[in-house]
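# Fold and contact review
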Amino acid sequence: MAVVLATLVTEWTETALVNVLGFALLATIAATGIAFAYRWYGTRRLPIGVSTLAGLVAVGLPLNVAAARGTAVIAGADPFHHATAVYVLGAALAGTVAAEGGRRIGDHLACEVYGIEPIPDIGEAAAILGSARLSGPIHLPETIADADGYPVVDRETKRTLEGRTMLFPHALSIDDLESRLVDRLERDYDIGHASVDLARDGVVERLAIGGRRRGSSRTLPPDTAAVAVRADPPADATAGDPVELWTDRRDEADSRRLAATGTLRATDETTATIAIDLADASAFDPAGNGSIASGPEYRLVTRPEMPTAVPDFLAALEAAPETVVRARVEPGSDLENEFVDWVPGRVLLVERGHEDGGSGTELVPFPATDHTLSAGDALYALGTPAELEPLFATGAGSVDDSAAE
């Protein structure tokens, strides 16, 4: 009997069996790692097909590398011999079986390490229980509020979001989930601001959205206006540069006329937007019919002055989530006789005596923290809508969002 076994089990056979066992061990390790990571990330068991694929990759990758290099798959065997084919099939079968064992081992280890209670994937009830550890899907509320201090979002966008279900990865903290939800709403639905309150179990308790502020009127200084004219600005002119507007048509004296001076706000091909004095704005009525294309063309010339950082500052304010609201202190309200430091947000300005017609108005910029508010005062507060929300519930009497405009 020993002679027969020695005849059948040759040195080549021993080498093949050892290699097959090595491939099985490699497939087990690969499937164990993948099953462990999958259970930690998704709290579910790794599908059989994925573990089988992992086992085949663990076996096939080194065999394909050997074949690509032109070396023998196993020493002492012709690559096209039937023994090599049996060897490859045996390695693939061993890897597949071993991968299933690795899947079970990795899943068991993950459940023990992370305290996950494994639930059989049978029936709808089991699927619901299996998703109990997930923080998504996130269901938006049926009623969406308006964010204070921002333009109202159109009704169509609200209808699209009301009751909508959004999917997020489960391995997120409440703060990260809230941040990603806000970013997704603002990016995908062109919303200027979104404020969301999440419970510890991931339920959206409140959602408020606000529109994106557009236009440039809110960034213009007092007694100025923005006009759009047909002009070809210099190549080195950028927003914020002081410019001169000269008529492109020569007058009787064969000279161009200076129409106005101002600040370049924006350019669009052959159209430029200039901030000028309000008194000079009436002179820019293109052809009397409001059409820029049919109006006169101007020539822009940059002035020898240093541009300011005001446009960059305004752009930063535009991108910031904070807003400014104006609140009036009514007699008997919670704000009366209150310290400025107790007001939500950051109080930028207190206007006192504004009801006297303006002559007796006292402006207190950046008031001290112990500055006391009186009935009839108007204050301007800076903060996010979530920070300023208590200000709307103080019974101040009137909170005007137009301060942000």
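Bear in mind the structure is a predicted one, so any value in this text is a computation, not a measurement.

## Some details on the overall build of the chain
A count of helices and strands for the chain gives nine helices and 15 strands. Excluding contacts between residues fewer than 6 apart, the proportion of contacts in the chain whose partners are at least 24 apart in sequence is 68%.

## Points about the pairing of strand E4 (residues 193–198)
Within E4, five of the six residues are buried, leaving the element largely enclosed by the surrounding structure. Judged from the six bridges that link them, E4 and strand E5 (residues 204–210) form a sheet pairing that is antiparallel. Within the sheet, the bridge partner assigned to Asp 197 lies in E5 and is Arg 206. Hairpin remark: E4 followed by E5, antiparallel, with five residues in the connecting loop; positive phi at Gly 202, about 90 degrees.

## Focus on the nonpolar core
As a rule of thumb, nonpolar side chains are buried together in soluble globular proteins. Judged by nonpolar contacts, the single largest core of 19 residues is most densely connected at Leu 181, Leu 185, Leu 207 and Ile 209. For this core, the secondary structure elements donating two or more residues are helix H7 (174–188), E4 and E5. Broken down by element, this core gets its largest block of residues, five residues, from H7. With residues up to four places along the chain from it excluded, the contact list for Ile 209 reads Ile 144, Ala 145, Asp 146, Ala 147, Val 153, Lys 158, Leu 161, Ile 191, His 193 and Ala 194. Counting residues in each nonpolar core, the second largest holds 16 residues, with Val 229, Ala 231, Ala 237 and Leu 264 among its members.

## A short note on unusual backbone geometry
Although it is not a glycine, Asn 337 sits at a positive phi angle of roughly 60 degrees. For Asn 337, the position within the fold is in the loop between strand E11 (323–329) and strand E12 (346–352). Positive phi is not limited to glycine here, since Phe 366 has a value of about 45 degrees. Examined against the element boundaries, Phe 366 turns out to sit in the loop between strand E13 (362–365) and strand E14 (378–383).

## Some details on the confidence of the model for the chain
When pLDDT is averaged along the chain, the result is 75; 71% of the residues meet or exceed 70. Contacts for the low-pLDDT stretch residues 401–405, under 50 throughout, to residues beyond four places or in other chains number 17 contacts.

## Looking at the sheet that holds E4
What the three strands build is an open sheet, ordered E2-E5-E4; its pairing is mixed. Edge positions in the sheet fall to strand E2 (145–146) and E4, since each has one partner strand and no second. Pairing of E2 with E5, which is carried by two bridges, proceeds in the parallel orientation. For Ala 145, the partnering residue across the bridge sits in E5 and is Ala 208. Contacts from H7 reach E4 and E5, with the element oriented near 150 degrees to E4.

## Points about the sheet that holds strand E9 (residues 271–277)
One closed barrel accounts for five strands, arranged E6-E9-E8-E7-E10; its pairing is mixed. The average angle at which neighbouring strand axes cross in this sheet is 50 degrees, direction not considered. Sheet analysis places strand E7 (residues 242–247) next to strand E8 (residues 258–268), joined by five bridges and oriented antiparallel. Counted as the bridge partner of Pro 242 is Thr 263 from E8.

## So, the side chain of Thr 28
Note on placement: Thr 28 falls in helix H2 (residues 11–42). Polar contacts involving the side chain of Thr 28 include one to the main-chain carbonyl oxygen of Ala 24, which spans 2.8 Å. Ignoring sequence-local partners within four residues, the contact set of Thr 28 consists of Ala 98 and Gly 102.

## Some points on the pattern of salt bridges
As enumerated under the stated definition, the model contains 10 salt bridges in all. As a salt-bridge pair, Glu 162 and Arg 155 come within 3.1 Å of each other at their nearest N and O atoms. For Arg 352, the salt bridge is made with Asp 377, and the minimal N-O distance between the two is 2.8 Å. Here Arg 352 is found in strand E12, whereas its partner Asp 377 is found in the loop between E13 and E14, with 25 residues between them in sequence.

## Some thoughts on empty space enclosed by the protein
In this approach the atoms are scanned with a rolling probe the size of a water molecule, which exposes any empty space left behind. The tally for this structure, following the rule as stated, stands at two cavities of 30 Å³ or more. Empty space within the second largest cavity amounts to approximately 40 Å³. Every residue along the wall of the second largest cavity is listed here: Asp 146, Ala 147, Asp 148, Ser 195, Arg 206, Ala 208, Pro 385, Ala 386 and Glu 389. Among the elements of the structure, E5 and helix H9 (385–392) are those that each provide at least two residues to the lining of the second largest cavity. The class makeup of the residues in the lining of the second largest cavity is four nonpolar, one polar and four charged. When residues of the lining of the second largest cavity are assigned to domains, at least three fall in each of domain 2 (135–211) and domain 4 (321–398).

Thresholds applied
- All residue numbers here refer to positions counted from 1 along the written sequence of the relevant chain.
- For this predicted model, a pLDDT threshold of at least 70 governs which residues receive local features, and a threshold of 80 or more governs which side-chain atom pairs are given and counted, while totals over whole chains, interfaces and linings are taken from all residues.
- Side-chain calculation: all heavy atoms of the structure are included, whereas hydrogens and water are not.
- Secondary structure elements follow DSSP: runs of H or I of four or more residues count as helices, runs of E of two or more count as strands, with numbering from the N terminus.
- Pairs of residues are marked as contacts when any of their non-hydrogen atoms sit within 4.5 Å.
- Residue burial is assigned from relative accessible area. The probe radius is 1.4 Å, only protein chains are included, and a residue is buried under 20% of its type maximum, exposed over 50%, and partly exposed in between.
- Pairing between strands is defined by DSSP: at least two bridges between them are needed.
- Grouping buried Ala, Val, Leu, Ile, Met, Phe, Trp, Tyr and Cys residues that are joined through side-chain atoms within 4.5 Å yields what is termed a nonpolar core.
- Each residue carries a pLDDT score, the predictor's confidence in it, ranging from 0 to 100.
- In this description, a line fitted to the C-alpha atoms serves as the axis of each element, helices being fitted only across the stretch in contact, and the angle between N-to-C directions of two axes falls anywhere from 0 to 180 degrees.
- Polar contact is the term for a pair of N or O atoms within 3.5 Å; when the atoms are in protein, one must be able to donate a hydrogen and the other to accept it, and sequence-neighboring residues count only if both atoms are side-chain atoms.
- For this document, the term salt bridge refers to a Lys or Arg side-chain nitrogen within 4 Å of an Asp or Glu carboxyl oxygen.
- Note on definitions: the grid is 1 Å and covers protein atoms alone; a cavity is a set of points where a 1.4 Å probe fits but cannot get out; a pocket is an open set with protein on both sides within 12 Å along at least five of seven lines; lining residues have an atom within 4 Å of a point.
- Grid points are joined across faces, edges and corners, and a volume is the space filled by probe spheres set on the points.
- Classification used: nonpolar for Ala, Val, Leu, Ile, Met, Phe, Trp, Tyr, Cys and Pro, charged for Asp, Glu, Lys and Arg, polar for all others including Gly.
- Boundaries of every domain are those given by an automatic assignment or by a domain database.

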